[in-house]
Each structure stands twice: as C-alpha cells, then as structure tokens.
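# Architecture at a glance
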Amino acid sequence: MSEGEGLSYLSHARYGKDKVRVFRVVRDGAWHNIVEYNVTALVEGDIEVSYTKADNSVVVATDSIKNITYFLAKTSPHVLHPERFALHLGTHLVTKYAHLKKAFITIEQLRWQRIPVAPSAGEAAQPHPHAFYRDGDDKRIVEAEIDASAGLDKIVARVTSGLQGLLVLKTTGSAFESFVRDEYTTLVEVDDRIFSTSIDLAYRFAPLAIPKPADGEGKVFDVALAPEQAKGTAWDGDSVAAAARGITLEVFAVDESASVQATLYKMAQRIVAEHPHVQSVTYKLPNKHYVPVDMKYIEIDNMSPPKAEVFIPLPAPSGLISATVSRK
C-alpha cells in the first residue's frame, strides 16, 4: 500500500495533447482555401489505473492523439470549419476507443484573408486565389465537449465558440459618470473619453445530438442535418461566428456608451436575440487606458475633452469588466 492510500482517491483525470499546430491547404483547382489551427485534444474515461496502478494498458498515447489530429486534418471534409472539425475529432476519439467516454477539443483559428489584386489597370480588385495576408491578431475559438458516457447511440456535443483578442478603439461616444465617490476616489468623471478594449467573447450553443458513426470508428462523420435544421446551431458555426463578430463591432461603434458594462450588455443581448440556438453569451472586456498628457505647465489645454488630443497609452493597471447574459 502506498503512503496515503487510505486517505485519498483519484477524483478526476483528464489527459491529451496540447498545442498541435495544423496548417491545411484545400485545393479546388486554382482556387485554394487555407486554415491554421492550434488544437488541444483531451480525453476522459476509464483511465484511472494508469494513475493509481501504473497500468498503461488504458493509455492512448498523447503522440497518437496528435497523429489522429493530423490524420483527420488530411481526410476530414470538415477541416475548413472549426466547429465541425472539433466535433469530428472528438467523436472519432470516443468511438474508436470504447474506454474513453469524453473528448474535449479546443481549436484556436488564426486569421488569414485573401490579398485583393486588380486583374488589370483600372479594374476593381478581386480576392487572389492563393495569396493571403494576416489581417488581425484576434483568434476564433472553439471549445467542444463530446460526451459518449450514455453510449455511442446517445452522443451529445456541447460547443462554446467565440473570439479572443479583438482590439477595438473609438475616440468619442463614451462617458463614465455618477459612479461611487468616497475617500478612495481619485478618478475624474468624464462625459467624453477614448474607449478601447481587447474583446474576448464566448457564446454557448444548445447541445447537439451526434449520430452513431456508421463506420464504427468515427473516421467518417456527419451530423446529417438539413440546412434549415442546422441554421444557427454549432454545425453552422461559420455564419454564427461572422454574425457575432459583426454585432460586437457594430454595437461598440454606434453605442453612446455610459460605461463598459452597459455596452457589453447590449452586445450580448443582440447575439442572444438574433441566434435562437445560443444559450448564453460571455464577454470579458479589459480597459485599454489612454490618459491625456497634462500640458498646463506650458499653458496648453490638453485635459478637457474637446481639447484632449495627445494621450499616453497605459498598459497596466486596467479595469476588467465581464458578464454573462443567458437565455431565459
């Protein structure tokens, strides 16, 4: 008996492969499509003896999980769509290995856009068929839990998608007034200020039933939803991602913001209202502070809102505002 055998037990275990980097080219003649992913694939199941008895017979090596990720990146028809690819990868893991009951797949998608090129002088630019550029540092995020605990004929997927690191700024249309004032308050009330934040957004879809894979392993995978049934679900992740990003940017731009909290709530409300399969929306908005430079010493007003034009970006400390808005 090992030391502490009667005092403790293994209450949870999960393992897998992290930071699997994938770049995929899908060629359709001269027209090429690309995706770049950072993938994490973790599993749970009947694996406790690998911890408690040093019995590796239940361990699918993390190197094998990496190889499965690359195999499906090559063979899956869903690889260009991160929600679908995550569902395929997770379903394959829990189907092929009967002792694995859950898979947890996280995908970060890096941004690539086609370079616009004019075919000839005077003509409008067109997206180039195989040349791309990175147009931002924000990442699209997909987190999928594929749960086969109730059996392969009752697999359920729970998907949360979103984005991270979307940096935005506007130079007016934002105020912060009437907050608590006491002996600790030094912040000045303003009716016009720079509003900047790095947006993290997560929206949780309603659970999705996954049919039992016909091939018995999940190498071949589809949810078999008609287009109208799929609309707005996790299977339709690309269109929901585009809409959620668009709503976020539009509300940020046009809202006459009374506070970061108030703008956040309007963003989340719209996503819930316009996407019936989204159950909740979470935003995390850290303030990016821009403080006007005090030039009174040379008799220049750079502090009052109409005259404030030169600012110091301050990386820290910063406010961090977060909230979750859920469907009733």
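Residues numbered from 1 in each chain as written. Predicted model: local features only at pLDDT ≥ 70, side-chain atom pairs only at ≥ 80, totals over all residues. Heavy atoms only, no water.

This part covers helix 2 (residues 62–75). For helix 2, which comprises 14 residues, the first-to-last C-alpha distance of 20 Å matches the rise-based estimate of 20 Å (1.5 Å per residue) to within 8%. Of all the positions in helix 2, only Ile 65, Ile 68, Thr 69, Leu 72 and Ala 73 are classed as buried. Buried residues along helix 2 cover an arc of 135 degrees about the axis, so they all sit on one side. Where helix 2 is buried, its residues touch strand 1 (15–28), strand 2 (31–45) and helix 3 (82–96). (Helix = DSSP H or I, 4+ residues; strand = E, 2+ residues; numbered from the N terminus. Expected span 1.5 Å × (residues − 1). Buried < 20%, exposed > 50% of the residue type's maximum accessible area, 1.4 Å probe, protein only. Arc of directions from axis to C-beta. Contact = heavy atoms within 4.5 Å.)

Attention now moves to a nonpolar patch on the surface. A grouping of Ile 115, Val 117 and Tyr 133 is seen on the molecular surface, where their side chains present a nonpolar patch of about 230 Å² in accessible area. Structurally, Val 117 can be placed in strand 4 (residues 113–117). By relative accessible area, which is 38% here, Val 117 ends up partly exposed. (Patch = residues over 30% accessible without salt bridge, like charges linked within 9 Å, V, L, I, M, F, W, Y side chains within 5 Å. Areas by Shrake-Rupley, 256 points an atom, 1.4 Å probe, with all protein chains shown as cover. Salt bridge = Lys/Arg side-chain N within 4 Å of Asp/Glu carboxyl O.)

Another aspect to go through is the packing of aromatic side chains. The geometry of an aromatic ring pair is captured by the separation of the ring centres together with the interplanar angle, meaning the angle of the planes. Here the structure, examined in full by the defined rule, presents five aromatic pairs. Ring geometry for Phe 176 versus Phe 179: centroids 4.6 Å apart, planes at 15 degrees, classification stacked. Since its relative accessible area comes to 25%, Phe 176 is described here as partly exposed. Note on Phe 221 and Trp 235: the rings are 5.9 Å apart at their centroids and 65 degrees apart in plane angle, and the pair reads as edge-to-face. Residue Phe 221 is found in the loop between strand 9 (208–210) and helix 4 (227–230), and its partner Trp 235 is found in the loop between helix 4 and helix 5 (237–254); the two are separated by 14 residues along the sequence. A relative accessible area of 7% means that Phe 221 is categorised as buried. When its relative accessible area of 6% is taken as the criterion, Trp 235 is described as buried. Arg 134 extends its terminal NZ or CZ atom over the ring of Trp 112, reaching a point 4.3 Å from the ring centre. Sitting above the plane of the Phe 252 ring, Lys 170 keeps its charged end 5.4 Å from the centroid. (Phe/Tyr/Trp six-rings, centres within 6.5 Å; stacked < 30°, edge-to-face > 60°. Lys NZ or Arg CZ within 6 Å of the ring centre and 35° of its normal.)

As a working rule, side chains carrying opposite charge can pair if their charged atoms are close by. Applying the stated criterion across every chain, the model contains 20 salt bridges. Of the charged contacts in the structure, one is a salt bridge between Arg 245 and Asp 138, with a shortest N-O distance of 3.0 Å. In this pair, Arg 245 is assigned in helix 5 and Asp 138 in the loop between strand 5 (126–133) and strand 6 (139–147), connecting sequence segments 107 residues apart. Residue classification places Arg 245 among the partly exposed positions, given a relative accessible area of 23%. Between Glu 274 and Arg 270 there is a salt bridge, with the nearest N and O atoms lying 2.9 Å from each other. Of the two residues, Glu 274 and Arg 270 are both situated in helix 6 (residues 260–274); the distance of four residues between them amounts to about one turn of the helix. Through salt bridges with shared partners, one network takes in Lys 102, Glu 145, Asp 147 and Arg 158.

Relative to the elements of secondary structure, Tyr 297 occurs in the loop between strand 11 (289–292) and strand 12 (311–314). The spacing of Tyr 297 and Asp 222 is 75 residues in sequence and 69 Å in space, taken between C-alpha atoms.

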